[in-house]
Amino acid sequence: MVKNAVLTGNPNCGKTTIFNALTGSNQYVGNWPGVTVEKKTGKIKKKQIDIDITDLPGIYSISPYSMEEVIAEAYIRESETDLVINVVDTTAIERSLFLTLQLIETGKPLIAVFNMMDVIEKEGTIIDVEGLQNELGIQIIPLSARKNKGMDELLDALVNEKGFERSQSFQDYLQTINDKKSSQLVEDDEMAQFRYGYIKQLVSRYVILGEMRSDASKRIDKVLTHQHFGIPLFLFVMWIIYYVAINLVGGVSEELFETVLGAISSLTTSGLQQVGANETIISLVVDGVISGVGAVLLFLPQIMVLFFFISILEDSGYMARVSFILDKVFRKIGLTGKSFIPMFVGSGCSVPGIMAARTLDSEKERKMTIVLTPFISCGAKMPIYIMFAAAFFPGNTHWIIFSMYGIGFFAIVVSGLLMKHFVFKGHREVFLLELPDYRTPVIKNVLRQVFNRSKAFITKAGTIIFAGSVLIWFLQSFTPTFQLTENPGESMLGYLGAFISPIFRPLGFSDWKTSVAFLTGFVAKEMVVATLAVLNDISESGGFALLTSIREGFTASSALSFMTFIALASPCIGALGAAKRELNSWKWTGIAILYQTGFAYIAAFLVYNMSKLFI
Amino acid sequence: MINYLVGIGIGLLAVWVFYGQIKRMKEGKCTRSNHCDSCNLKENCGRKDKEE
C-alpha cells in the first residue's frame, strides 16, 4: 500500500494542477516554467485513500546541472517515497521521457501520468499508451489536469497498482545504461545521447505526431515576441489593464465605496452615542478602526479587476514570452530574461518574488535579482498609488500608476548597470527558456486566483491593518505622559513625526503625518493608507473623505515625490526577512536596504523638483 | 460600562494580532499567515494545515 508519493516532472507540465486536484489544495499555478520553487506536501483524502504526497519543483533531468535537480534527485533517492508519480507533458513528449527513463533507472516504483492529452488530441497527435506501458513496464494514466479528466483513473491506480513486464528491448537498454554507469569512464553527454537515441525509437514506434503542432502558438508569437513590437505591445497590454481597472472600474467604485463607508461611519457613531459611548470610544471605533481598515478596503474593486487580468495573462502563457522579449534589455544590465519571472511574481508580493529568485542558476544573477525585485511595486502599494493618483490626477490615474512601474523598471536598469560595472563583473549567463504553448485561460483557475488574492487582501485589512490602525489611533490620541489630547501634534506620534520629518523636507513632504505614514509602511505597505486615513480624521466631514483630506496635505509635486519614494524605498519587513534568508547575509541585506532607500531618496528629490517645473 | 467593553475589546484584539505576528517572527516563521493561499512557499510557514 502506497503511503508516501512524490510528484515530479518537467517545469510547467501541470504537476501543481494535479497536486491541487488530488489534495484539494489551492496552490498557485501559472503557465510558465518555475512557478513552484519549494516542495509542497499535502494529503490525498479521497476514496478512503490516505497518502502523503509531495510536489517537487519542475526538473528536466536528475543529472546534477541545477540546484533544483540536485535537490529533487536527493529527495527521490533518499526520502521514504514509495511511489514516484512522473507527470509527462505530452506536448513535449521526447524531452519529458528523458526524465521518465532516468526515474525508472533509479529503481523506485513509478506511475507515469500523461498530461495535456486534450491538447495533443486537438493537434491530431496519437500516443499508443498501451504499447508504451508494455514497452517500459510501467502503468501510464492519460489525463487532462486542466479539464479535470482522468483524475479518478489516477486515484484508482494509486490504490490498485498494476504490474507490467518490461519488454526485452527496454531490459537491454537498462542493462547498457547500468554498464555505462558502472564503467565510470562514460561522460554525461554520451549517456544523454544514448537515452535520447532510445527515446527516438520509442517515439517512432508509439507516437504519431499531429500536423497542427503548436502552429497557433507560433503564429501568435510572430506578433507578440516580435523583435521591435514585442516590448511596445507588452506595455500596451499593461496600459489597457490599468486603464480598465483603475480608471473605468475605479471611477465608479471609489465614489460608491466612499458613500457606503461614510454611511457605516455615521451609523456606527449614532449607534455608539445611543448606547452611551463617550467621544474617545467613538473616535477609536470610527476614526481608528473604520477609517484605517475602510481606507484600505476602498480600493478592493480595482485590485480585484487587476488580479483578474493578471491571472488571465499568467494562465495564457504570455508571461513566459515577456521574459523572452525582455531578455535583450536585461542582458545589457548583466541579467537574463529569466530574472523577469521573480520580478513579475514580486508585482503581487515581494516575498514570493524574492524567493522565486532561487530558480536562477547563477549566484550573481540571483543576488542581483533579490536586490532589484522590490523596485517593482508589490500589490500592497497599489492602494497608495490609487489614492494619490485619484486625488491629484483624476482622469489620468492609470497613467500615473503605470509610470510608477516605469520608474521601478528605470531603477532596475540604472541599478543593474551600476552593479554590473562595479559589483558583479564577469561573464554573461546563458538564457534558455522553454516557451509554453498558449492556452485559453481556465476561468476556474482565474477566479480561484482572484478569490485567493482578494481574500488575502481582506484578511490583511482585518488583522494587521486593523491592529496597526488601533495602535496609530492610540499613539496620536495620547501624549507621552498618557494624557488624552485633542491636538495630535502633542501626541506621542506627533513628537516622533516632528523628529523625523526634517529628513523628508527636500522631498516636499515634511508634514509629520506623512513621515509617520512612511515609517508604518515597513510593517505592511497598506498601512501607509490606513495611517494617513487615521491621522487625517477622514470621517469627520460626515462622509468618508479620504481623497479630500489627502489633497489638503500635499501638492501634486509632493504627491508624485511621495509615490516615487514609496515605490523605490526599502520594502516591508516581511520582504526584508525573505531577502535575508535568500541572501544568507546580514551584510548584503543591509546594503540592499541602504541602497534601495538611498536610490528612492534621490529619485523622489529629482521627481519633486523637476515636476514643480511642469505642474 | 460600554466604553470599557468596546475599548478593552478592541485593544485586546489588536494586542492579540500583534502577539501572533511577534510570536511567529520569533519562531522564524512567515509572518504573512493571511497570505498563504496565493503563496507557494511551505518553508517557515506558520499555518498548521501546511505544516502537517
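Residues numbered from 1 in each chain as written. Chains lettered and ligands numbered in written order. Predicted model: local features only at pLDDT ≥ 70, side-chain atom pairs only at ≥ 80, totals over all residues.

Draft legend 1. A look at the overall build of chain B. On a plain count of helices and strands, chain B comes out with two helices and zero strands. Within chain B, buried positions represent 25% of all 52 residues. (Helix = DSSP H or I, 4+ residues; strand = E, 2+ residues; numbered from the N terminus. Buried ≥ 20, exposed ≤ 12 C-beta atoms within 10 Å, placed from the backbone.)

Draft legend 2. Local environment of the overall build of chain A. Helix and strand counts for chain A stand at 27 helices and eight strands. A globule of 615 residues ought to have a C-alpha radius of gyration of about 25 Å, and chain A, at 28 Å, matches this closely. The C-alpha extent of chain A, read off along each of the three principal axes, is 90 × 60 × 45 Å. Expressed as a percentage of its 615 residues, the buried residues of chain A come to 50%. Within chain A, residue pairs in contact and separated by at least 24 positions form 72% of the contacts whose partners lie at least 6 positions apart. (Rg over C-alpha atoms; globule rule 2.2 N^0.38 Å. Contact = placed C-beta atoms within 7 Å.)

Draft legend 3. Up close: the pairing of strand β7 (residues 139-142) of chain A. Residues and elements named next belong to chain A. Of the two faces of β7, both are covered, the one formed by Gln139 and Ile141 as well as the one formed by Ile140 and Pro142. Sheet topology places strand β5 (residues 110-115) next to β7; four bridges connect them, and they run parallel. Residue Phe114 lies in a different strand from β7, and its bridge partner there is Pro142. (Pairing = 2+ DSSP bridges.)

Draft legend 4. Focus on the environment of Thr90(A). Residue and element names in this part refer to chain A. Position of Thr90 relative to the elements: it lies in the loop between β4 (83-89) and α3 (93-105). Under the C-beta neighbour-count criterion, Thr90 is labelled buried, with 26 such atoms within 10 Å. Separated by 28 residues in sequence, Thr90 and Asp118 place their C-alpha atoms 9.7 Å apart. Setting aside residues no more than four positions away along its own chain, Thr90 makes contact with Phe114, Asn115, Met116, Met117, Ile120 and Ile127.

Draft legend 5. Region of the structure containing the sheet that holds β4(A). Residues and elements named next belong to chain A. Pairing is mixed across the open sheet formed by six strands, whose spatial order is β2-β3-β1-β4-β5-β7. The outermost strands of the open sheet, each flanked by one partner alone, are β2 (40-44) and β7. Within this sheet the neighbouring strands show an average axis-to-axis angle of 25°, counted without direction. As paired strands, β4 and β5 are joined by six bridges and run parallel to one another. Within β5, the position partnered with Asp89 by the bridge is Asn115. (Axes fitted to C-alpha atoms, helices over the stretch in contact; angles between N-to-C directions.)

Draft legend 6. Structural detail: the confidence of the model for chain B. All names here are of chain B. Per-residue pLDDT for chain B has a mean of 69; in total, 52% of the residues score no lower than 70. Predicted confidence is poor over residues 48-52, with pLDDT under 50, and the contacts of this stretch with residues over four places away or in other chains come to four contacts. For this predicted complex, the interface score ipTM comes out at 0.80, alongside a pTM of 0.76. (pLDDT = per-residue confidence, 0-100.)

Draft legend 7. Inspection of the environment of Ile71(A) at higher detail. All names here are of chain A. Examined against the element boundaries, Ile71 turns out to sit in helix α2 (residues 67-78). With 16 C-beta atoms counted inside 10 Å, the residue Ile71 sits in the partly exposed group. Along the sequence, Ile71 and Thr397 sit 326 residues apart, while their C-alpha atoms lie 46 Å from each other.

Draft legend 8. Highlighting the nonpolar core. Residues and elements named next belong to chain A. Val296, Tyr385, Phe388 and Met563 are the most contacted members of the largest nonpolar core, which has 129 residues in total. Of all the elements, helix α20 (residues 443-477) adds the most residues to this core, at 14 residues. Apart from residues no more than four positions distant in its own chain, Tyr385 is found in contact with Ile400, Ile401, Met404 and Met563. The next biggest cluster of nonpolar side chains, apart from the first, holds 47 residues, and it includes Ile62, Val113, Phe114 and Val119. (Core = buried A, V, L, I, M, F, W, Y, C linked by C-beta atoms within 7 Å.)

Draft legend 9. Molecular detail of the pairing of strand β3 (residues 51-55) of chain A. Residue and element names in this part refer to chain A. When you tally the buried positions in β3, you get four out of five residues, the bulk of the element. Pairing geometry for strand β1 (residues 4-9) and β3, over four bridges, is parallel. Residue pairing across strands places Ala5 opposite Ile53, the latter belonging to β3. Bridge count between β2 and β3: five bridges; the pairing is antiparallel. Bridge pairing in β3 places Lys40 opposite Asp55.

Draft legend 10. Summary view of unusual backbone geometry. All names here are of chain A. Within the chain, Met116 stands out as a residue other than glycine whose phi angle is a positive 65°. Its location among the elements puts Met116 in the loop between β5 and α4 (117-123). One non-glycine residue, Phe482, lies in the positive phi region at around 65°. Among the secondary structure elements, Phe482 is positioned in the loop between α20 and α21 (492-504). Of the residues examined, Phe482 has 8 C-beta atoms within 10 Å and is grouped as exposed.

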